[in-house]
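As a plain string of letters, each chain reads:
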Amino acid sequence: MKSDLQWMQAQVVALRDVTPTVREFELRPQSDEGVDALVGAYEPGAHLQVQVMTAQGKLQTRSYSLVGEGDGRCWRIAVKRLDDGRGGSLAMWRLAEGDRLQVSAPQNHFALDLSAPGYLLVAGGIGITPLVLMAQRLAAHAKRAGVPVTMLYGARNAEEFGYLAHLKEALGEGVTAHEGSAPIDFAAAIDALPTGGQLYTCGPVPMLEALKRAWHAAGRPLADLRFETFGSSGRLATQPFQVRIPRHDLTITVPTDSTLLEALDAAGVQTLWDCKRGECGLCAMDVLAVDGEIDHRDVFLSEHEKASTTRICACVSRAVGTLTLDSAYRADH
């Protein structure tokens, strides 16, 4: 449970396909607070919450990072089309210029700290979106403060490097593009980072986990590793699964177009949550039994906790088969 966001209407004023699977949207907010105050207020790492209606008639809320320096009139977000997702990205791709939708004011849980002696940015696929503005701001900061800034940008193929030109313009030879699935040498990049330097990263969970291992192996402070995940990638294909909640004497099905958190809420099982991206751990629940396999899609639980299958982050993680979960509910006596 979390306090409701304040929503406003925004209009789609422009569309642009930056890769075959990523579409950029320019959104102009309609608010009594004034467009200039809203659009000009965000910092690197900020995102919008967006409400979209899926083809199945289900209202979903999605978070999209604000991309690059603004023009003072519009917000820019980019959405990767996921044909086997829960329907939110396809709903966004059906929007046309002139359409309207509900958005929140910018929020930021991935803020950039300009006090470090050096920076490493690492992006995987659509995870590049919050790092574009970081790269642009750090490029200007590096000229003033003389701190090194480097970036690793990974994508499955050359067509998916949607913002590489922007990054090259900002950081020049400081950007290295990695095409394909070959492992990136994170250890070498971390070793080149000055003591006290910070790493900012966004991308799929396996990439983030690899970075965390390399960061830990290098003896770097965890506080200097800053990350954001889009929480949509897992090891297993998304499919319906069963959940038993003995304290409620309840069995529910989590469909492909719903998260476990949403399914629990729809069934009247109250669950604490905050980020909905698998980062904060507030929604983690105790797992009593697993008949199948858990697909951990969060970056909060440790590798040991994930291997023990005793907890699950309900906002992003899923399963194949049947889970039996505990809840905070306690019957009155």
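Residues numbered from 1 in each chain as written. Predicted model: local features only at pLDDT ≥ 70, side-chain atom pairs only at ≥ 80, totals over all residues. Heavy atoms only, no water.

Student: Looking at this structure, how should I read the sheet that holds strand β12 (residues 225–229)?
Tutor: Here we have five strands laid out as an open sheet, ordered β10-β9-β8-β11-β12, and parallel in their pairing. This sheet does not close on itself; its edge strands, each paired only once, are β10 (175–179) and β12. The average angle at which neighbouring strand axes cross in this sheet is 10 degrees, direction not considered. For strand β8 (residues 119–124) and strand β11 (residues 198–203), the ladder comprises five bridges, and the chain directions are parallel. Counterpart to Leu120 in the pairing with β11 is Leu199. Packed onto the sheet, helix α3 (residues 129–145) meets β8, β9 (149–155), β11 and β12 and runs at close to 160 degrees relative to β8. (Pairing = 2+ DSSP bridges. Helix = DSSP H or I, 4+ residues; strand = E, 2+ residues; numbered from the N terminus. Axes fitted to C-alpha atoms, helices over the stretch in contact; angles between N-to-C directions. Contact = heavy atoms within 4.5 Å.)

Student: Is there a simple way to think about the nonpolar core in this case?
Tutor: What tends to happen in soluble globular proteins is that the nonpolar side chains get buried as a cluster. Of all hydrophobic cores here, the largest spans 31 residues; its most connected members are Tyr119, Leu121, Ile128, Leu131, Met151 and Tyr200. For this core, the secondary structure elements donating two or more residues are β8, α3, β9 and α4 (164–171). By residue number, the principal contributor to this core is α3, which donates seven residues. In contact with Tyr119, other than residues within four places in its own chain, are Leu112, Asp113, Leu114, Leu138, His141, Val147, Pro148, Val149, Thr150, Leu193, Gln198 and Tyr200. In terms of nonpolar packing, the next biggest core, distinct from the first, is built from 24 residues, Phe241, Val254, Ala284 and Val287 among them. (Core = buried A, V, L, I, M, F, W, Y, C linked by side-chain atoms within 4.5 Å. Buried < 20%, exposed > 50% of the residue type's maximum accessible area, 1.4 Å probe, protein only.)

Student: Looking at this structure, how should I read α3?
Tutor: Residues that lie three or four places apart on an α-helix share one face, since the helix turns once every 3.6 residues. The end-to-end C-alpha distance of α3, which contains 17 residues, comes to 25 Å, matching closely the 24 Å that a straight helix rising 1.5 Å per residue would cover. Within α3, the full set of buried residues consists of Thr129, Pro130, Leu131, Val132, Leu133, Met134, Ala135, Leu138, Ala139, His141 and Ala142. Positive backbone phi, at 75 degrees, marks Gly146, one or two positions downstream of α3. (Expected span 1.5 Å × (residues − 1).)

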